[in-house]
Amino acid sequence: MTRSRCFWQVLWMVLLVEMVALTSCAPLLTPTPWLPSPSFTVTRLPSQTASFTRLPSATASVTASFTVSPSPTRQTGTPTPPTATLTLTHTVTQTPTITPTPLPVLHELPGGRRWITGLAFDPLGRWLAASNMDGTLRIWSLEDWTLLRTLQISAGINNLAFRHDGQLLAAAADDSTLRLWDLQTGDELTWIGGLPQQALSVAFHPDGTQLAAGCADGSLGVWRLSGEPVLLIKDLELGHIWGVAFSPGGNLLAAAGQRAIVYDMRQKKLVWQSDWRASAVAFSPDSLRLYVAGEHLEAWDLKTVTRVLAYEGHTDWIWALAVHMPGERMASAGQDGTVRLWQIRQPFAWAVLADSRAPVNAVALSPDGRWLAAGGDDQQVRIYQLIP
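Residues numbered from 1 in each chain as written. Predicted model: local features only at pLDDT ≥ 70, side-chain atom pairs only at ≥ 80, totals over all residues. Heavy atoms only, no water.

### Observations concerning the overall build of the chain
And then number 1: If you tally the helices and strands in the chain, you get one helix and 32 strands.
And then number 2: Within the chain, the proportion of its 388 residues that are buried is 51%.
And then number 3: When contacts within the chain are restricted to residue pairs at least 6 apart in sequence, those whose partners lie at least 24 apart make up 45%.
And then number 4: Per element, the accessible surface of the chain, about 18,400 Å² overall, is 52% carbon and sulfur. (Helix = DSSP H or I, 4+ residues; strand = E, 2+ residues; numbered from the N terminus. Buried < 20%, exposed > 50% of the residue type's maximum accessible area, 1.4 Å probe, protein only. Contact = heavy atoms within 4.5 Å. Areas by Shrake-Rupley, 256 points an atom, 1.4 Å probe, with all protein chains shown as cover.)

### With respect to the packing of aromatic side chains
Remark: the centre distance and the inter-plane angle together describe each pair of aromatic rings, the angle taken between the planes.
And then number 1: Considering all chains together, one arrives at five aromatic pairs under this definition.
And then number 2: Grouping aromatic residues by their ring pairs yields a cluster made of W242, W317 and W319.
And then number 3: Sitting above the plane of the W127 ring, R126 keeps its charged end 4.1 Å from the centroid. (Phe/Tyr/Trp six-rings, centres within 6.5 Å; stacked < 30°, edge-to-face > 60°. Lys NZ or Arg CZ within 6 Å of the ring centre and 35° of its normal.)

### Considerations on the sheet that holds strand β31 (residues 371-376)
Hydrogen bonding along the main chain pairs the strands of a sheet, whether they run parallel or antiparallel.
And then number 1: Sheet architecture is open: four strands sit in the order β5-β32-β31-β30, paired in antiparallel fashion. Of all the strands in the sheet, just β5 (107-110) and β30 (360-365) have a single pairing partner and so form its edges. Strand-to-strand, the axes of this sheet are offset by a mean angle of 20°, without reference to chain direction. (Pairing = 2+ DSSP bridges. Axes fitted to C-alpha atoms, helices over the stretch in contact; angles between N-to-C directions.)

### Re unusual backbone geometry
And then number 1: One non-glycine residue, K268, lies in positive phi territory at about 60°.
And then number 2: Note on placement: K268 falls in the loop between β20 (260-264) and β21 (269-273).

### Points about the side chain of S366
And then number 1: Take S366: it is sitting in the loop between β30 and β31.
And then number 2: Overall, the relative accessible area of 0% leaves S366 in the buried class.
And then number 3: Within polar-contact distance, the side chain of S366 engages the backbone nitrogen of R370 at 3.2 Å.
And then number 4: In contact with S366, other than residues within four places in its own chain, are F121, H324 and W371. (Polar contact = N/O pair within 3.5 Å; in protein donor to acceptor, adjacent residues only side chain to side chain.)

### Structural notes on the pattern of salt bridges
And then number 1: Under the criterion given, the structure shown has 10 salt bridges.
And then number 2: In this structure, R163 and D165 form a salt bridge, with 2.7 Å as the shortest nitrogen-oxygen distance.
And then number 3: With a closest N to O distance of 3.2 Å, R179 and E188 form a salt bridge.
And then number 4: The exposure class of R179 is buried, given its relative accessible area of 11%.
And then number 5: Connected through salt bridges with shared partners, the residues E108, D378 and R382 form a single ionic network. (Salt bridge = Lys/Arg side-chain N within 4 Å of Asp/Glu carboxyl O.)

### Topic: the pairing of strand β12 (residues 178-182)
And then number 1: Extensive coverage of β12 is indicated by the burial of five of its five residues.
And then number 2: Burial along β12 is two-sided: L178, L180 and D182 facing one way and R179 and W181 facing the other are all buried.
And then number 3: Note: strand β11 (residues 168-173) against β12, five bridges, orientation antiparallel. In the sheet register, A171 faces β12, and the bridge partner there is R179.
And then number 4: Linking β11 to β12, which pair antiparallel, is a turn of four residues; within it S176 sits at a positive phi near 65°.
And then number 5: The hairpin turn running from β12 into strand β13 (residues 187-192), its antiparallel successor, is four residues long, and G186 in that turn takes a positive phi close to 80°.

### Regarding the sheet that holds strand β16 (residues 220-224)
And then number 1: Here we have four strands laid out as an open sheet, ordered β14-β15-β16-β17, and antiparallel in their pairing. Here the strands that pair on one side only, and so sit at the sheet edges, are β14 (199-204) and β17 (229-233). Here the strands of the sheet are splayed against their neighbours by 20° on average, with no regard to which way each runs.
And then number 2: Alignment of strand β15 (residues 210-215) against β16, held across five bridges, turns out to be antiparallel. Bridge pairing in β16 places L211 opposite W223.

### A look at the environment of L341
And then number 1: Here L341 lies in strand β28 (residues 339-343).
And then number 2: It is 9.9 Å that separates the C-alpha atoms of L341 and V323, two residues lying 18 residues apart in sequence.
And then number 3: Once residues within four sequence positions are removed from consideration, L341 is found in contact with M330, A331, A349, W350, A351, L353, L365, L372 and L386.

### A word on the pairing of strand β27 (residues 329-334)
And then number 1: Extensive coverage of β27 is indicated by the burial of six of its six residues.
And then number 2: Burial along β27 is two-sided: the face carrying R329, A331 and A333 and the face carrying M330, S332 and G334 are both buried.
And then number 3: Here strand β26 (residues 318-324) runs beside β27; their pairing, made up of six bridges, is antiparallel. Residue pairing for β27: H324 is matched across the bridge by R329.
And then number 4: Connecting β26 to the antiparallel partner β27 that follows it, the hairpin turn spans four residues, and E328 within it adopts a positive phi of roughly 50°.
And then number 5: Hairpin connection of β27 to β28: four residues between the antiparallel strands, including G337 at a positive phi of 80°.

### As for the environment of R329
And then number 1: In this fold, R329 is placed in strand β27.
And then number 2: Spatially, the C-alpha atom of R329 lies 8.3 Å from that of G369, the residues being 40 residues apart in sequence.
And then number 3: Filtering out sequence-adjacent residues up to four positions away, R329 remains in contact with A322, V323, H324, W342, Q343, I344, W350, L365, G369, L386 and I387.

### With respect to the side chain of R259
And then number 1: Relative to the elements of secondary structure, R259 occurs in the loop between β19 (252-256) and β20.
And then number 2: Of the side chains bearing the opposite charge, E237 lies closest to the buried R259, which forms no salt bridge; the N-O distance is 5.6 Å.
And then number 3: Of note is the side chain of R259, whose polar atom sits 3.0 Å from the backbone oxygen of L236.
And then number 4: A polar contact is formed between the side chain of R259 and the side chain of Q273, at a distance of 2.4 Å. (Lys, Arg positive; Asp, Glu negative; His and termini not counted.)

The following block contains the structure:
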């Protein structure tokens, strides 16, 4: 083979490299949910075929190298055809994204005259309760979504919580009280007054004998159901405390305000705090992880005090958070009008469940993971079926 012929063959190979690079970079703006092998080879054979794998990415670099053997020199006798092998390495820089699929609304339930502030399924999976700033609590049956009860007080209700047996329902009210109802009879059992300011959030202790509440002045307190105070901390400087949660063992109390905190009830001290504003908190079943929503949506390891995962997708403030650990699912809702459903270990939502243009203030997952409820400023409670 002459030097001229070898030159043209090498030039053909260089052009092939450029063509492959351009072809493989074409789909970079169309992410896919999988990441194949980041390298491939192209070999120029008599068939002149090439194979490669496209990678989803926003940026990519292509490096090519080839060798020709034997060296292209003038030969006598029977020439040995040279073999050219091209190795192409595709370097990809990408954060993979998944395009979430919207799910249809199964039911829309009227939630009151003003905006919906809280949602909760009872732990036994029989009822759904919603609180509204018009001072009402509505309870629906999960069997046929009929309205069973409407409870009314004279002040706006900011949040609600069921006791572990589903028999008692607590509410945090704008008149600086905590209210408690027996759902079998619909009777208001008691109310706890004298809170420093409006009660914005409420949670039952796992043993069902105490209530935690966060107030508008940043006070964090715990009361027995009889009204006797157990704990009242006023110097946390948390501002509005929009969310509170006990750990499953009851030893830790988390609160969300100007920052998220975890307070050790036994040691009487803070054991963790964030450096950004929050509005909702939830513990994992082993109490080792805390899920925090607000300016961001993150999971934190409380033992190592490190961030485990940051969940991406919301474009505005995140108001509500619900965690269903048996199914390793989490739901969040916010000012951007969306409800997003996550796998606990994945940073991208696999479904967007709400198409509301109004802010979504509350979200809840049923104990069996079948139902999701969401509600907000448009006064509607939307029900989605996650499991057939």
